[in-house]
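Listed below are the residues making up each chain.
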Amino acid sequence: MQNTKKKLFSITNLKKYFPIAKSSVFQKEKLYVKANEDVSIDIYEGETFGLVGESGCGKSTLGRVILQLYEQTSGNTLYYGRSREEIAPEYVKKTLSAPEKYLNLYKDAKAKADKITAQVEAEGENASFFLLQEKNLADANAKAALMNVTKILGGLITVSEMKEGATILLNQHNVLVKIDKLNRKLTDIDASIDIYESKIKVDSAESDEKTIKSESATLNAFRAKKAKIIETIKALRIEEDRLQKEIDAIRAKYKDDEEFQKYEAMLDGGIDLARLQYREIRRLRKDLQIVFQDPYSSLDPRMTIGQIIEEGLVTHKYFKHGSPKMKEYILKVMRDCGLQDYMLHRYPHQFSGGQRQRVCIARALAVKPKFVVCDECVSALDVSIQSQIINLLLELKEKEHLTYLFISHDLSVVRYISDRIGVMYLGNLVELASSETIFKDPRHPYTVALLSSIPTTDPDDLNKERIILEGNIPSPIRPPEGCKFHTRCFMACDKCKRVPPPLVEIEPGHFVACHFTDRKIDEEGNYLFDMPKMEKKSSKLTELELSTED
């Protein structure tokens, strides 16, 4: 079923390579740890997207790359939680100021990719690992370069009025930058008004009339300044609308031009997080939060819980330091996360593991985020505490309309909390579907093997045969050719060793990267294929059989 919710993230062909230091100064070839390879997913507002896989498959890296805590190697990460006009990023101005330059960058990247592709085709099966790696990166860079220009200019890159259209869009961008600066001033003024309103309320019973009069005059000055800024913003909005009509008139001329419409379809108003400057991504940190796996090392031991939560609120200008309303808000957030008021002045070492994780959640949610990465946030906790934290996350999700990326290797937990699940193996997504579909109708052999390994207390499941994956995950530096899973797959054939399977949609919303996409499990949970030779029954079942024989 097609997801009708508003898109929050669109991640396309994302790669994250960690370079390996050369063993000698004479070494020419570059080696990388390929943590994420061509990951493409959409995350929608209000959903919980689960990400599962074995340790070392790149789950945590993907979460951190999406938040730009790690710089991505290639690809596009578009964020729709705020309009591009609101942030007015510098890369938009640079592209509109010199459209020919960015168009030439794409042409150069495409020419390089075509040259390496021709070299690979000429060498055929003799093409070296390093040449194939270089081709892969060149193709990704060419795609990213095209997206960088078409997402801002669209079909204008194909017409003679490209420079004229870019100039109109640049003027519109400059107007939006001014509006953004004025909106930030309004935020500061609102915080000052809040302080003076609180002062007047307190001083009315304690201070003399002269002091109250002075504070009231300052308060009125701030209010007058706020009204003036609002009028300026209204005038700038009128100018923005005028410029929009001009660019719409140019685009209307080419409504029947197929090539124009092809690139116009690539036009996108999302914010490309990978292209933001430090100061720009810092402004979005309040929208994009993370709850780390270790609740011990992720909290500053020298700060009290109140100071830890306050730090983000002051940094993002929700309150000014010393504001009486801030303490009330911090206590409210703590209560929402299951923490008592008396804990406000305690230090992290005075809390248990579950309480510390609640503090981490309170710190993340205090700044009212739209997207939270939960990176193995319950794996270090006892089972009873895990259920409390999971229920807390679900409760806060409904209350605050949050979106989660829930990373875990515990399939039972992921099934309980997730709306959709992505299965990752060696940096690649191998299956993506709704939580119900993944557990009832898994199509990838790796997903089937993972589901068969879930521990259970149901005695009926003791008779169910388990699929044991032999061997370890291959090296992410030199992954196997073809399908990366073929070295451990019980259904692999010669084609799997040569041809990497693309991630294809076999049913609405169900994506699989496998050459064998037919059903693997029937409605009763029975396998529809011959069990692999490495199958092993549980030790408990073996004991039961031996005792029966005796």
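Just so you know, these numbers come straight off a predicted model, no measurement behind them. (Residues numbered from 1 in each chain as written. Predicted model: local features only at pLDDT ≥ 70, side-chain atom pairs only at ≥ 80, totals over all residues. Heavy atoms only, no water.)

**What about the confidence of the model for the chain?**
The predicted model of the chain averages 86 in pLDDT, with 93% of residues at 70 or higher. Overall, residues 535-546 carries pLDDT values under 50, and its contacts beyond four positions in sequence, including any with other chains, amount to 11 contacts. (pLDDT = per-residue confidence, 0-100. Contact = heavy atoms within 4.5 Å.)

**Regarding the packing of aromatic side chains**
This structure, assessed with the given rule, holds 10 aromatic pairs. Ring geometry for Phe319 versus Tyr329: centroids 5.6 Å apart, planes at 45 degrees, classification tilted. Here the residue Phe319 occupies a position in the loop between α10 (305-315) and α11 (324-336), and Tyr329 occupies one in helix α11, the gap between them amounting to 10 residues. Sitting over the ring of Phe18, Lys16 keeps its end group 4.8 Å from the ring centre. (Phe/Tyr/Trp six-rings, centres within 6.5 Å; stacked < 30°, edge-to-face > 60°. Helix = DSSP H or I, 4+ residues; strand = E, 2+ residues; numbered from the N terminus. Lys NZ or Arg CZ within 6 Å of the ring centre and 35° of its normal.)

**Brief notes about the pattern of salt bridges**
Counting across every chain of the model gives 35 salt bridges. Where Asp188 meets Lys317, a salt bridge forms, and the shortest distance between an N and an O atom there is 3.7 Å. You can see Asp188 sitting in helix α6 (residues 162-203) and its partner Lys317 sitting in the loop between α10 and α11, a full 129 residues away along the chain. Using a relative accessible area of 30% as the deciding quantity, one classes Asp188 as partly exposed. (Salt bridge = Lys/Arg side-chain N within 4 Å of Asp/Glu carboxyl O. Buried < 20%, exposed > 50% of the residue type's maximum accessible area, 1.4 Å probe, protein only.)

**A few points about the packing of helix α12 (residues 353-366) against helix α13 (residues 383-400)**
To characterise two packed helices, one gives the angle between the axes of the helices and the distance between these axes. Two numbers describe how α12 lies on α13: the axes approach to 10 Å, and their chain directions differ by 15 degrees. In this view, α12 runs roughly parallel relative to α13, as classed from their interaxial angle. In this structure, the crossing between α12 and α13 has a hand that is right-handed. Packed against α12, whose contacting residues are Gly354, Gln357, Arg358, Ile361 and Leu365, the element α13 presents Ile385, Gln388, Ile389, Leu392, Leu393 and Leu396 at the interface. (Axes fitted to C-alpha atoms, helices over the stretch in contact; angles between N-to-C directions. Parallel < 35°, antiparallel > 145°, perpendicular 65-115°, else oblique. Left-handed = near helix turned anticlockwise from the far one by under 90°.)

**A look at unusual backbone geometry**
Although it is not a glycine, Asp38 sits at a positive phi angle of roughly 50 degrees. With respect to the helices and strands, Asp38 occurs in strand β2 (residues 32-44). Judged by relative accessible area, which is 36%, Asp38 ranks as partly exposed. The backbone phi angle of Lys317 is positive, close to 60 degrees, even though this residue is not glycine. Looking at Lys317, the relative accessible area reads 46%, which means it is partly exposed.

**A few points about the sheet that holds strand β7 (residues 371-375)**
Taken together, eight strands build an open sheet; the order of strands is β6-β7-β8-β3-β9-β10-β12-β11 and the sheet is mixed. Taken across any chain shown, the strands that pair with only one partner, and hence form the sheet edges, are β6 (288-291) and β11 (504-507). Taking the axes of each pair of neighbouring strands and ignoring which way they run, one obtains an average angle of 25 degrees across the sheet. Relative to the sheet, helix α16 (residues 445-452) contacts β9 (420-425) and β10 (428-434), its axis offset from that of β9 by approximately 105 degrees. (Pairing = 2+ DSSP bridges.)

**Here we look at the nonpolar core**
Among soluble globular proteins, nonpolar side chains are generally buried collectively. Ranked by internal contacts, the top residues of the largest apolar core, which has 76 residues, are Phe9, Leu96, Leu153, Leu156, Leu273, Phe371 and Leu405. Of the residues forming this core, the biggest block, 13 residues, is contributed by α6. Excluding residues within four positions of it along the chain, Leu156 makes contact with Met162, Gly165, Leu169, Ile247, Ile250, Arg251, Phe260 and Glu264. Core analysis: the next-biggest nonpolar cluster, separate from the first, contains 70 residues, Leu402, Tyr425, Ile467 and Ile521 among them. (Core = buried A, V, L, I, M, F, W, Y, C linked by side-chain atoms within 4.5 Å.)

**A closer look at a negative patch on the surface**
A cluster of acidic residues, Asp256, Asp257, Glu258 and Glu259, forms a negative patch at the surface. Looking at the secondary structure, you find Asp256 in the loop between α7 (209-252) and α8 (258-264). (Patch = residues over 30% accessible without salt bridge, like charges linked within 9 Å, V, L, I, M, F, W, Y side chains within 5 Å. Areas by Shrake-Rupley, 256 points an atom, 1.4 Å probe, with all protein chains shown as cover. Lys, Arg positive; Asp, Glu negative; His and termini not counted. Charge placed at Lys NZ, Arg CZ, Asp CG, Glu CD.)

**Quick look at the sheet that holds strand β5 (residues 271-272)**
On the basis of which strands lie adjacent, the open sheet formed by four strands has the order β2-β1-β4-β5 and antiparallel pairing. Every interior strand has two partners, whereas the edge strands, β2 and β5, have only one. Here five bridges tie strand β1 (residues 7-19) to strand β4 (residues 74-79), and the two strands are oriented antiparallel to one another. Looking at β4, one finds that Ile11 is bridged to Thr77. On the sheet, helix α5 (residues 129-153) packs against β1, β2, β4 and β5 and is oriented at approximately 35 degrees with respect to β4.

**Regarding the side chain of Asp375**
Within the fold, Asp375 resides in strand β7. A distance of 2.7 Å separates a polar atom in the side chain of Asp375 from a polar atom in the side chain of Ser60. Setting aside residues no more than four positions away along its own chain, Asp375 makes contact with Ser60, Arg64, Val291, Phe292, Gln293 and Ile407. (Polar contact = N/O pair within 3.5 Å; in protein donor to acceptor, adjacent residues only side chain to side chain.)

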